[in-house]
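Listed here are the chains, written in short residue letters.
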Amino acid sequence: MNLLVLDRKKAGLCGSALRLWGFLLMVAGAVGAAMERIVLSDGVLASGRETFLGAFSLALQALSTGWVPLLVFFTVEDGTGRGGLKKCLLLSAFLEIPYDIAVSGRIIDGSRQNPFFALFLCLFLTWSYRRYEKKRAFNALVTVAALFWAAALSIDGGIASVLLLAVFFATRKKETVRLPASAAVLSLCTALSPLYIITPLFLIPLHFYGGRE
């Protein structure tokens, strides 16, 4: 059952396309971070070309934050069992070394974790919310714990993803409230990073999601 789009439409954007865009935006963020590292390797923008590339890398990273609403939406939409949690965790661990090399130039960089760990937290929260749906206090504690780990491990998009997932799940049967509440949460995330300034715009494609794969 579609939990977020109650009025299923035959016309509209399909889920596979939205998921694909989400993953492509995630890759764009890693490319942008790698470009920023290379361009600023000496700490100085010595030429107009370097200035352009530096600005372009920041634009890519800002654009990439769009993966948060797109993929978190489908985390709630699809859900997963414990088998899916294990697969997501293994994939997150597998991608960490390539991600670290891209964004920091080091094989192991504990200062920043790849965004698939954020998806793992969201999948875990979705499982917990559904498994213990009537235990609101317990799920509130689980949410706080997820926020703590997202911050402690410096997971890219982690805090924003957890907050947005909580809003998506809480408003899954309140379509008129979902959009403004989600936009408000994402706007508040600009306090974490100004890169989130355009992220609320990526809620618009979700509004046109037709419930089709």
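Residues numbered from 1 in each chain as written. Predicted model: local features only at pLDDT ≥ 70, side-chain atom pairs only at ≥ 80, totals over all residues. Heavy atoms only, no water.

## Some remarks on the side chain of Ser92
Phase 1: With respect to the helices and strands, Ser92 occurs in helix H4 (residues 82-104).
Phase 2: Among the polar contacts made by the side chain of Ser92, one reaches the main-chain carbonyl oxygen of Phe116 at a distance of 3.1 Å.
Phase 3: Excluding residues within four positions of it along the chain, Ser92 makes contact with Asn114, Phe116, Phe117 and Phe120. (Helix = DSSP H or I, 4+ residues; strand = E, 2+ residues; numbered from the N terminus. Polar contact = N/O pair within 3.5 Å; in protein donor to acceptor, adjacent residues only side chain to side chain. Contact = heavy atoms within 4.5 Å.)

## Thoughts on helix H3 (residues 67-78)
Phase 1: If you check H3, its first and last C-alpha atoms are 16 Å apart, about what twelve residues at 1.5 Å a residue would give, namely 16 Å.
Phase 2: Taken as a whole, H3 has its buried residues at Trp67, Val68, Pro69, Leu70, Leu71, Val72, Phe73, Phe74, Thr75, Val76 and Glu77. (Expected span 1.5 Å × (residues − 1). Buried < 20%, exposed > 50% of the residue type's maximum accessible area, 1.4 Å probe, protein only.)

## Concerning the packing of aromatic side chains
Phase 1: Applying the stated rule across the entire model yields eleven aromatic pairs.
Phase 2: Pairwise contacts between aromatic rings join Phe73, Phe74, Phe168 and Tyr209 into one cluster.
Phase 3: Seen from the ring of Phe74, Arg19 lies directly overhead, with NZ or CZ sitting 4.2 Å from the centre.
Phase 4: Positioned over the ring face of Phe169 is Arg172, at 4.0 Å from the centre of the ring. (Phe/Tyr/Trp six-rings, centres within 6.5 Å; stacked < 30°, edge-to-face > 60°. Lys NZ or Arg CZ within 6 Å of the ring centre and 35° of its normal.)

## Structural notes on the layout of surface pockets
Phase 1: Taken as a whole, the largest pocket holds about 460 Å³ of empty space.
Phase 2: Lining the largest pocket we find 26 residues, and of these Arg112, Ile155, Asp156, Gly157 and Tyr196 sit closest to its centre.
Phase 3: At the level of elements, helix H1 (15-39), helix H2 (48-64), H3, H4, helix H6 (136-152) and helix H7 (158-170) are the ones that each hand at least two residues to the lining of the largest pocket.
Phase 4: Top element by residues in the lining of the largest pocket is H1. It accounts for four residues.
Phase 5: Across the lining of the largest pocket, the residue classes tally to 16 nonpolar, eight polar and two charged.
Phase 6: Size it by volume and the second largest pocket reaches roughly 280 Å³.
Phase 7: Tyr129, Glu133, Arg136, Asn139, Ala140, Thr143, Phe169, Ala170 and Arg172 are the residues that line the second largest pocket.
Phase 8: Examining the composition of the lining of the second largest pocket, we find that four residues originate from one element, H6, more than from any other.
Phase 9: Residue classes in the lining of the second largest pocket are distributed as four nonpolar, two polar and three charged. (1 Å grid on protein atoms, 1.4 Å probe; cavity = no way out; pocket = protein on both sides within 12 Å on 5 of 7 lines; lining within 4 Å. Points joined across faces, edges and corners; volume = space filled by probe spheres on them. Nonpolar A, V, L, I, M, F, W, Y, C, P; charged D, E, K, R; others polar.)

## Thoughts on the pattern of salt bridges
Phase 1: Scanning the model with the defined rule gives three salt bridges in all.
Phase 2: Here Asp109 and Arg106 are joined by a salt bridge, their closest N and O atoms 3.0 Å apart. (Salt bridge = Lys/Arg side-chain N within 4 Å of Asp/Glu carboxyl O.)

By themselves, these observations are geometric and do not establish any function.
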